[in-house]
Amino acid sequence: MSIDTNLSSSKIVLGQNQYGKAEVRVVRVSRDTDRHSIEDLNVSSQLHGDFLTAHTEGNNEHVVPTDTQKNTVYAFAREGVGSPEDFLLRLADHFTSEFDWVSGGRWEAEQYGWERINDHDHSFVRSNREVRTAVVVADGDRRTVVSGVQELTVLKTTQSGFEGYPKDKYTTLAETDDRIMATDVKARWRFADTSGVDFNAVYDDVTSILLAKFGEKYSSALQQTMFEMGKAVLEAHPEIAEIKLSLPNNHHFVIDLSFCGLDNPNVVFHADDRPYGFIEATVRREDADDAAAVWELIPGFC
């Protein structure tokens, strides 16, 4: 086995690094009146900065303990959350101003919904419709906010087909102009400008647009529907630079009931959980910057 002497003699240095506390579960109950409300978050904090000697010399003088990061999340929650985006921006501003050697970082949150039981003032049931997400990436004084949604399961029983695709000797899929289309929407949208943005209102409107566009018209492919969903979001929200969508095609196959002498006019299906089609795309404004460094910190999207 030969060894590249140039490689073996090259200097070994520390590359890109970050650290923090992952998945801090915090529930904040507002008790200002007898009618309570809940904010339920899963928060992760990761710091960027001058941590060289911690890795190379075991010198911890710049290592803000991950336990401190956890406690800061709880302490900030005492003052309220507001929106996950605003909460993460507060954390970013705190860590980059409190510690001179912290130059930036990545703060992420998932928010879980709760609904009132029979409009009760203080009894709730967990809402499983979707999970709201938010990421704030700080680099010096620059803040990039990426909001999102995941686990938003949708299905349409008709007005979807798949035809006109190339075929070879391995193709067994039959063309159809009437099929079930189902997916679990996972989307993230990056703000070009966050000044004066009401993140809660934007989230509600974006998810409403995604749902409306999914079922609005005949779909020739999930790719077509995905683009229309993203396009509609950008048309309605000039403050959003781009939206990334990741949609599995949750296949529903018509069951052949001829074995028992029955027909099946598209009424009985097998929901196949795997394998599944996996469709991803970015819908963006033509003049938007690609923010590649930010998206590298948010895995799972093309």
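Placed above this text is the structure.
In this text, all values refer to a predicted model and were calculated from it rather than measured experimentally.

Caption draft 1: Focus on the side chain of Arg-179. Relative to the helices and strands, Arg-179 resides in the loop between strand 5 (142–156) and strand 6 (181–191). An unpaired buried charge is present at Arg-179: no salt bridge exists, and Asp-178, the closest side chain of opposite charge, is 8.5 Å distant. When neighbours within four sequence positions are excluded, Arg-179 is seen to be in contact with Lys-156, Thr-157, Thr-158, Ser-160, Gly-161, Phe-162, Ala-221, Leu-222 and Asn-249.

Caption draft 2: Layout of helix 5 (residues 199–215). Compared with an ideal rise of 1.5 Å per residue, which puts 17 residues at 24 Å, helix 5 spans 25 Å between its outermost C-alpha atoms and is within 8% of the ideal. On its buried side, helix 5 packs onto helix 4 (84–98), strand 4 (124–139), strand 5, strand 6, helix 6 (222–236) and strand 7 (240–249). The opening residue of helix 5 is Asp-198, an N-cap whose side-chain oxygen sits 3.2 Å from the backbone nitrogen of Asn-200.

Caption draft 3: Representation of the pattern of salt bridges within the structure. Applying the stated criterion to the full structure yields 16 salt bridges. Here Arg-25 makes a salt bridge to Asp-40, at a shortest N to O gap of 2.7 Å. With Arg-25 in strand 1 (residues 19–30) and Asp-40 in strand 2 (residues 37–49), the pair connects residues that are 15 residues apart, well separated along the chain. The class of Asp-40 is buried, set by a relative accessible area of 3%. Linking Arg-143 and Asp-93 is a salt bridge whose minimum nitrogen-to-oxygen distance equals 3.0 Å.

Caption draft 4: Highlighting the packing of helix 3 (residues 66–78) against helix 4. Between helix 3 and helix 4, the shortest axis-to-axis distance is 11 Å and the interhelical angle comes to 130°. As judged from the angle between their axes, helix 3 and helix 4 are oblique. Seen from above, helix 3 lies across helix 4 with right-handed handedness. Across the interface between the two elements, Gln-69, Thr-72, Val-73, Phe-76 and Ala-77 from helix 3 touch Phe-87, Arg-90, Leu-91, His-94 and Phe-95 from helix 4. Among the residues forming the contact of helix 3 with helix 4, the class breakdown is six nonpolar, three polar and one charged.

Caption draft 5: Examining the packing of helix 5 against helix 6 more closely. As a packed pair, helix 5 and helix 6 sit with axes 9 Å apart at the nearest point and diverge in direction by 145°. With respect to the hand of their crossing, helix 5 and helix 6 are arranged in right-handed fashion. Mapping the contact onto sequence places Asp-205, Val-206, Ile-209, Leu-210, Lys-213 and Phe-214 in helix 5 and Thr-225, Glu-228, Met-229, Ala-232, Val-233 and Ala-236 in helix 6. Of the residues contributing to the contact of helix 5 with helix 6, the split by class is eight nonpolar, one polar and three charged.

Caption draft 6: Representation of the pairing of strand 6 within the structure. Along strand 6, nine of the eleven residues are buried, which leaves the element largely enclosed by surrounding structure. Pairing of strand 5 with strand 6 involves nine bridges; the strand directions are antiparallel. Note that in strand 6 the partner of Val-154 across the bridge is Thr-183. Here strand 6 pairs with strand 7 via six bridges, running antiparallel. In the sheet register, Trp-189 faces strand 7, and the bridge partner there is Ile-243.

Thresholds applied
- Residues numbered from 1 in each chain as written.
- Predicted model: local features only at pLDDT ≥ 70, side-chain atom pairs only at ≥ 80, totals over all residues.
- Heavy atoms only, no water.
- Helix = DSSP H or I, 4+ residues; strand = E, 2+ residues; numbered from the N terminus.
- Buried < 20%, exposed > 50% of the residue type's maximum accessible area, 1.4 Å probe, protein only.
- Lys, Arg positive; Asp, Glu negative; His and termini not counted.
- Salt bridge = Lys/Arg side-chain N within 4 Å of Asp/Glu carboxyl O.
- Contact = heavy atoms within 4.5 Å.
- Expected span 1.5 Å × (residues − 1).
- Polar contact = N/O pair within 3.5 Å; in protein donor to acceptor, adjacent residues only side chain to side chain.
- Axes fitted to C-alpha atoms, helices over the stretch in contact; angles between N-to-C directions.
- Parallel < 35°, antiparallel > 145°, perpendicular 65-115°, else oblique.
- Left-handed = near helix turned anticlockwise from the far one by under 90°.
- Nonpolar A, V, L, I, M, F, W, Y, C, P; charged D, E, K, R; others polar.
- Pairing = 2+ DSSP bridges.

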